[in-house]
Amino acid sequence: NAGVTQTPKFRILKIGQSMTLQCTQDMNHNYMYWYRQDPGMGLKLIYYSVGAGITDKGEVPNGYNVSRSTTEDFPLRLELAAPSQTSVYFCASQTVDTQYFGPGTRLTVL
Amino acid sequence: DAKTTQPTSMDCAEGRAANLPCNHSTISGNEYVYWYRQIHSQGPQYIIHGLKNNETNEMASLIITEDRKSSTLILPHATLRDTAVYYCIVKKEYGNKLVFGAGTILRVKS
């Protein structure tokens, strides 16, 4: 199993650009999550999904959108990138009691 | 979910046991204590979790006090590769969100 994979690993965006962060898991988990981590801080939940077709907001959803059309994929969309969205983004999927995290995407908005 | 309090940082000599404390005085009866760690620039990694009994796995031991208001994560023989931020999180086992605080920076020194 590859576990949780994320692409790209790094990205630099200009203010106002849009992009999609990809997340895929091959463990057939229903629960998936998107977190962001600012320098020196803990992770903050952006959005989560409890299964295909079902998503909900986390702690910091503003400026982001998600979709969940399949069990495997949970992409995160940034529509109008802002410097405040410079961060490291982690995707995770969950069994009954354990979350498995991807390697992260480091995003810089200039 | 109950909040947790952890020391900001700790040092440990290589080969010695690392004991990381966590206070969770408002924990409720159906909440578990989870430990994750994050090695620099990587996604968080699950370590162990427990309800009230002490738990041990191949990575660590978890000691929970009888009143469940505090716990200690024990890495029995710390190595340089155990240098990381360690997060203590309290949540219901089947609840779907992890709330990350600042964690404890553990530095293992040779």
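Keep in mind that this is a model prediction, so the values were computed, not measured. (Residues numbered from 1 in each chain as written. Chains lettered and ligands numbered in written order. Predicted model: local features only at pLDDT ≥ 70, side-chain atom pairs only at ≥ 80, totals over all residues. Heavy atoms only, no water.)

**Q** Just give me the short version of the overall build of chain A, but keep the residues and values in it.
**A** Scanning chain A from N- to C-terminus turns up 0 helices and 11 strands. Relative to its length of 110 residues, chain A is compact, with a C-alpha radius of gyration of 13 Å against a globular reference of 13 Å. Counting across all 110 residues of chain A, residues that qualify as buried make up 45%. (Helix = DSSP H or I, 4+ residues; strand = E, 2+ residues; numbered from the N terminus. Rg over C-alpha atoms; globule rule 2.2 N^0.38 Å. Buried < 20%, exposed > 50% of the residue type's maximum accessible area, 1.4 Å probe, protein only.)

**Q** Explain the packing of aromatic side chains residue by residue, including any values.
**A** This structure, assessed with the given rule, holds 10 aromatic pairs over all chains. Relative to F101 of chain A, the ring of Y35 of chain A lies with its centre 5.5 Å away and its plane at 40°, an arrangement referred to as tilted. Residue Y35 of chain A is found in strand β4 (residues 31-37), and its partner F101 of chain A is found in strand β10 (residues 99-101); the two are separated by 66 residues along the sequence. Neither residue differs from the other here; Y35 of chain A and F101 of chain A are each classed as buried. Taking 5.7 Å as the distance between ring centres and 90° as the angle between the ring planes, the aromatic pair formed by Y35 of chain A and F100 of chain B counts as edge-to-face. Of this pair, Y35 of chain A sits in strand β4 while F100 of chain B sits in the loop between β8 (84-92) and β9 (104-109), which puts the two residues in different chains. (Phe/Tyr/Trp six-rings, centres within 6.5 Å; stacked < 30°, edge-to-face > 60°.)

**Q** Please provide a residue-by-residue account of the interface of chain A and chain B, values included.
**A** Contact residues are listed per partner, giving 20 residues for chain A and 18 residues for chain B. With both sides pooled, the region where chain A packs onto chain B buries about 1,500 Å², and carbon together with sulfur makes up 53% of that total. When the area that chain A buries against chain B is broken down by residue, the three leading residues are L43, D97 and F101 of chain A, summing to 31%. In this assembly, chain A and chain B are joined by 4 residue pairs in polar contact (both at pLDDT 80 or more). Listing elements by their share of the side of chain A that touches chain B, those giving two or more residues are β4, β5 (43-51), β9 (87-94) and β10 of chain A. (Contact = heavy atoms within 4.5 Å. Buried area = accessible area lost by both parts, 1.4 Å probe. Polar contact = N/O pair within 3.5 Å; in protein donor to acceptor, adjacent residues only side chain to side chain.)

**Q** Run through the state of the cysteines, naming residues and quoting values.
**A** In protein structure, a disulfide is the covalent linkage between the sulfur atoms of two cysteines. Using the criterion set out here, one finds 2 disulfides over all chains in the structure. Disulfide pairing places C23 of chain A opposite C91 of chain A at an S-S distance of 1.8 Å. The S-S bond linking C23 of chain A to C91 of chain A shows a torsion near -70°; that makes this disulfide left-handed. You can see C23 of chain A sitting in strand β3 (residues 19-25) and its partner C91 of chain A sitting in strand β9, a full 68 residues away along the chain. According to the relative accessible area criterion, C23 of chain A is buried, its value standing at 0%. Of all cysteine sulfurs, the one in C22 of chain B lies closest to C12 of chain B, which takes part in no disulfide; the gap is 18 Å. For C12 of chain B, a relative accessible area of 9% translates into the label buried. (Disulfide = S-S within 2.5 Å.)

**Q** Let's hear about the layout of surface pockets: which residues, and what values?
**A** By volume, the largest pocket amounts to about 610 Å³. Residue lining of the largest pocket: 31 residues in total, with Q37, D38, G40 and M41 of chain A together with Q38 of chain B positioned closest to the centre. Elements represented by at least two residues in the lining of the largest pocket include exactly β9 and β11 (105-109) of chain A together with β8 of chain B. By residue number, the principal contributor to the lining of the largest pocket is β8 of chain B, which donates 4 residues. There is about 190 Å³ of room inside the second largest pocket. Lining the second largest pocket we find 14 residues, and of these Q99 and Y100 of chain A together with P44, Q45 and Y46 of chain B sit closest to its centre. Partitioning the lining of the second largest pocket into residue classes produces 7 nonpolar, 6 polar and 1 charged. (1 Å grid on protein atoms, 1.4 Å probe; cavity = no way out; pocket = protein on both sides within 12 Å on 5 of 7 lines; lining within 4 Å. Points joined across faces, edges and corners; volume = space filled by probe spheres on them. Nonpolar A, V, L, I, M, F, W, Y, C, P; charged D, E, K, R; others polar.)

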